[in-house]
Amino acid sequence: MTRASLDKQPHEVAAMFDDVAEKYDRTNDVLSLGQDRAWRRAVVAALGIGPGERVLDLAAGTGTSSEPFRARGAFVVPCDFSLGMLRTGRQNHADLPFVAGDATRLPFADAVFDAVTISFGLRNVHDPRAGLRELLRVTRPGGRVVVCEFSHPTFTPFRKVYVEYLMRALPPVARRVSSSPDAYVYLAESIRAWPDQPGLAAWLREAGWADVRWRNLSGGIVALHHAVKP
């Protein structure tokens, strides 16, 4: 599977991420021009994690996004459905309790996490709305969610330049730094097909989340959606 217009079958997406796991973090750093680090810091700040809180980091990949929560004294569970990502993560972060799981059928009981988050992963879930409902299910009342995802730049001329980068510049760069450049063609197309900021906010409300709001990063290339479980 390389085209975002195809139905996202979980085993195909998982296999795609298995192929890129070894160089995933380095490739993201190159393709985002280093901005991915700032985006992940923004997620940690938005979630406002304190010591002793239980955090689910869904689509955690190799665990790079989970480490800052652990550093703040939280008990963080990195969860991903790519076994290749989990293997790489366990090699690099042996102290993190990695769990294999499908976002639409999470292997956790109801209301067990104080906070949940998913960064650059909801777009790849077979049924994103079901994923948002599952995140709600495993979050305690009063708990919060932060969704960090690629979105739509708010300045029209910049948006045109950005789309050109995605479809023309990203694939050649990916061929140089990634073990599976076709995966990044799919990722570029999936970004173009993703809902805008109000569209994702509507999905969160439909899933049952309350007090939904968002903040644009890098001119809207990325948006942080924050919400609370009633």
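Because the structure is predicted, anything quoted here is derived from the model rather than measured.

**Observations regarding the pattern of salt bridges**
All told, the structure shown has ten salt bridges when counted by the stated rule. Salt-bridge contacts for Glu-134 lead to Arg-137; the nearest nitrogen and oxygen are separated by 2.7 Å. A residue pair is termed a helical-turn pair when its members lie 3 or 4 positions apart in one helix, as Glu-134 and Arg-137 do in helix H6 (residues 128–137) at three residues. A relative accessible area of 13% places Glu-134 in the buried class. On the basis of relative accessible area, Arg-137 is assigned to the partly exposed category, the value being 24%. Here the salt bridges share partners, and the residues they tie into one network are Glu-67, Arg-70 and Asp-95.

**What to know about the pairing of strand E4 (residues 113–119)**
Burial of E4 is extensive: seven of the seven residues sit out of reach of the surface. In this structure, strand E1 (residues 54–58) lies alongside E4, joined through four bridges in parallel fashion. From the neighbouring strand, Leu-56 faces E4, where its bridge partner is Val-116. The sheet contact formed by E4 and strand E5 (residues 139–150) spans six bridges and is parallel. Note on E5: the bridge partner recorded for Phe-113 is Thr-139. As a crossover connection, the stretch from E4 through H6 into E5 is right-handed.

**Regarding the confidence of the model for the protein**
With 74% of its residues at a pLDDT of 70 or more, the protein shows a mean pLDDT of 83. For residues 1–6, every residue scores under 50 in pLDDT, and the model assigns this stretch 16 contacts once sequence neighbours within four places are set aside.

**Structural notes on the environment of Arg-215**
In this structure, Arg-215 sits in strand E6 (residues 210–217). The exposure class of Arg-215 is partly exposed, given its relative accessible area of 43%. Measuring from C-alpha to C-alpha, the distance between Arg-215 and Ala-42 comes to 10.0 Å, with 173 residues separating the pair along the chain. Once residues within four sequence positions are removed from consideration, Arg-215 is found in contact with Ala-42, Val-222, Ala-223 and Leu-224.

**A short note on unusual backbone geometry**
Most peptide bonds are trans, and most residues other than glycine sit at a negative phi. Even without being glycine, Ala-111 reaches a positive phi, approximately 55 degrees. With respect to the element layout, Ala-111 can be found in the loop between strand E3 (99–100) and E4. Of note, the phi angle at Asp-211 is positive, near 50 degrees, even though the residue is not glycine. Looking at where Asp-211 falls in the secondary structure, it is placed in strand E6.

About the thresholds
- Residues numbered from 1 in each chain as written.
- Predicted model: local features only at pLDDT ≥ 70, side-chain atom pairs only at ≥ 80, totals over all residues.
- Heavy atoms only, no water.
- Salt bridge = Lys/Arg side-chain N within 4 Å of Asp/Glu carboxyl O.
- Helix = DSSP H or I, 4+ residues; strand = E, 2+ residues; numbered from the N terminus.
- Buried < 20%, exposed > 50% of the residue type's maximum accessible area, 1.4 Å probe, protein only.
- Pairing = 2+ DSSP bridges.
- Right-handed = clockwise from strand over helix to strand, strands pointing away.
- pLDDT = per-residue confidence, 0-100.
- Contact = heavy atoms within 4.5 Å.

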